Amino acid sequence: MARLSDHVDWQYVFREYWHLYRFGSAGGNPVIRSHLKDVRNRLNAELESNPVVEFDQPVQLPVCAWLGRALDQGLSERTAPVVRALTRVSGQLTWRYGYERMHKSLARKYAYAELMGPNGPVLSKNVILGLVLFGPKCTYPEHSHDGISESYICLSGSVSDSSYSVFTPGALFFNPPEKAHRMTTGDFEPTLLAYAWTGTPEKLANQKMSFAGRKS
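Residues numbered from 1 in each chain as written. Predicted model: local features only at pLDDT ≥ 70, side-chain atom pairs only at ≥ 80, totals over all residues. Heavy atoms only, no water.

**Comments concerning the overall build of the chain**
Looking only at helices and strands, the chain features 6 helices and 10 strands. Whereas a compact globule of 216 residues would reach a radius of gyration of roughly 17 Å, the chain reaches 16 Å, a difference of no more than 12%. Considering only C-alpha atoms, the chain reaches an extent of 40 × 35 × 35 Å along its principal axes. Within the chain, the proportion of its 216 residues that are buried is 49%. Of all intrachain contacts in the chain linking residues separated by at least 6 positions in sequence, the fraction that spans at least 24 positions is 72%. Surface exposure of the chain reaches about 10,400 Å², of which carbon and sulfur atoms provide 49%. When the 24 basic and 20 acidic side-chain charges of the chain are each reduced to a single mean position, those positions are 4 Å apart. (Helix = DSSP H or I, 4+ residues; strand = E, 2+ residues; numbered from the N terminus. Rg over C-alpha atoms; globule rule 2.2 N^0.38 Å. Buried < 20%, exposed > 50% of the residue type's maximum accessible area, 1.4 Å probe, protein only. Contact = heavy atoms within 4.5 Å. Areas by Shrake-Rupley, 256 points an atom, 1.4 Å probe, with all protein chains shown as cover. Lys, Arg positive; Asp, Glu negative; His and termini not counted. Charge placed at Lys NZ, Arg CZ, Asp CG, Glu CD.)

In structure tokens:
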């Protein structure tokens, strides 16, 4: 049975995630500060347990044509340490849609890859960490998450959140449970986001992603 300690490149990925959530700014917001600490604590607990690693077959989806550009762009930003670590494991990622019914307009411009969570490859019941890749001119429809606190850290490109704010590399945006949110990307460059989900093990394991009813 493989463990995280058997995969040095993956250890560095999660070390860099920990740094993102340790040294990223909460902007003075106590709710966001609490979320950052919660993610760090959950990640620390998983790393101390030396979790099981189970790789699926690597899968690429159409938007992955933009992945190389997104990684290259991230290497020139302050997010370069985590992007560099992700580049070392990018060939092992399993990209997914997460929806039973995918909007045709979104199918070529969106995918996510879980890095740690119930679906692995690094198994955890207590936190989900992963990546979201958007192509240029992408609109990710309004949705919310049942019982899940979610944060994104922009690694490269730019993204707007619900038409109110624009986030560039290094910026974090936070969505508490049930908060509806919508994302759009710029006209010319892809966007790569790191994300973290926290919640009860039951919510993390059974999160159903669907645009119906503005839930995902």
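What follows picks up the thread again.
**A look at unusual backbone geometry**
Peptide bonds are, in most cases, trans, and in most cases residues other than glycine have a negative phi. Here Gly120 and Pro121 are connected by a cis peptide whose omega angle stands at 5°. Inspection of the secondary structure assignment puts Pro121 in the loop between strand S1 (110-117) and strand S2 (122-123). One non-glycine residue, Lys137, lies in the positive phi region at around 55°. Position of Lys137 relative to the elements: it lies in the loop between strand S3 (128-134) and strand S4 (139-143). Residue class for Lys137 comes out exposed when judged on its relative accessible area of 53%. In this structure, Glu178 takes a positive phi of about 70° despite not being glycine.

**Here's the deal with the state of the cysteines**
Scanning all chains against the criterion turns up 0 disulfides. We note that Cys138 lacks a disulfide partner, and the nearest cysteine sulfur, in Cys64, lies 13 Å from it. On the basis of relative accessibility, which here comes to 2%, the residue Cys138 falls in the buried class. No disulfide involves Cys154; its sulfur sits 13 Å from that of Cys138, the nearest cysteine. (Disulfide = S-S within 2.5 Å.)

**Quick look at the environment of Ser160**
With respect to the element layout, Ser160 can be found in strand S6 (residues 159-161). With a relative accessible area of 13%, Ser160 lands in the buried category. Sequence spacing of Ser160 and Ala2 is 158 residues, and the spatial spacing of their C-alpha atoms is 39 Å. The residues touching Ser160, leaving out its near neighbours within four places in the chain, are Ser165, Val166, Arg182, Met183 and Thr184.

**Quick word on the packing of aromatic side chains**
This structure, assessed with the given rule, holds 11 aromatic pairs. Taking the centre distance of 6.4 Å and the plane angle of 55° together, the rings of Phe14 and Tyr17 count as tilted. Of this pair, Phe14 and Tyr17 both sit in helix H1 (residues 8-23), 3 residues apart, which is roughly one turn of the helix. The pair Phe14 / Tyr17 is uniform in exposure class, with both members buried. (Phe/Tyr/Trp six-rings, centres within 6.5 Å; stacked < 30°, edge-to-face > 60°.)

**Examining the nonpolar core**
Within the largest apolar cluster, 42 residues are counted, with the highest numbers of intra-cluster contacts made by Phe14, Tyr17, Trp95, Leu115, Leu129, Leu131 and Leu155. Broken down by element, this core gets its largest block of residues, 6 residues, from H1. Apart from residues lying up to four places away in sequence, Leu129 is in contact with Phe14, Tyr17, Val39, Leu43, Glu114, Leu115, Met116, Tyr195 and Ala196. (Core = buried A, V, L, I, M, F, W, Y, C linked by side-chain atoms within 4.5 Å.)

Nothing here speaks to function; it is all geometry.
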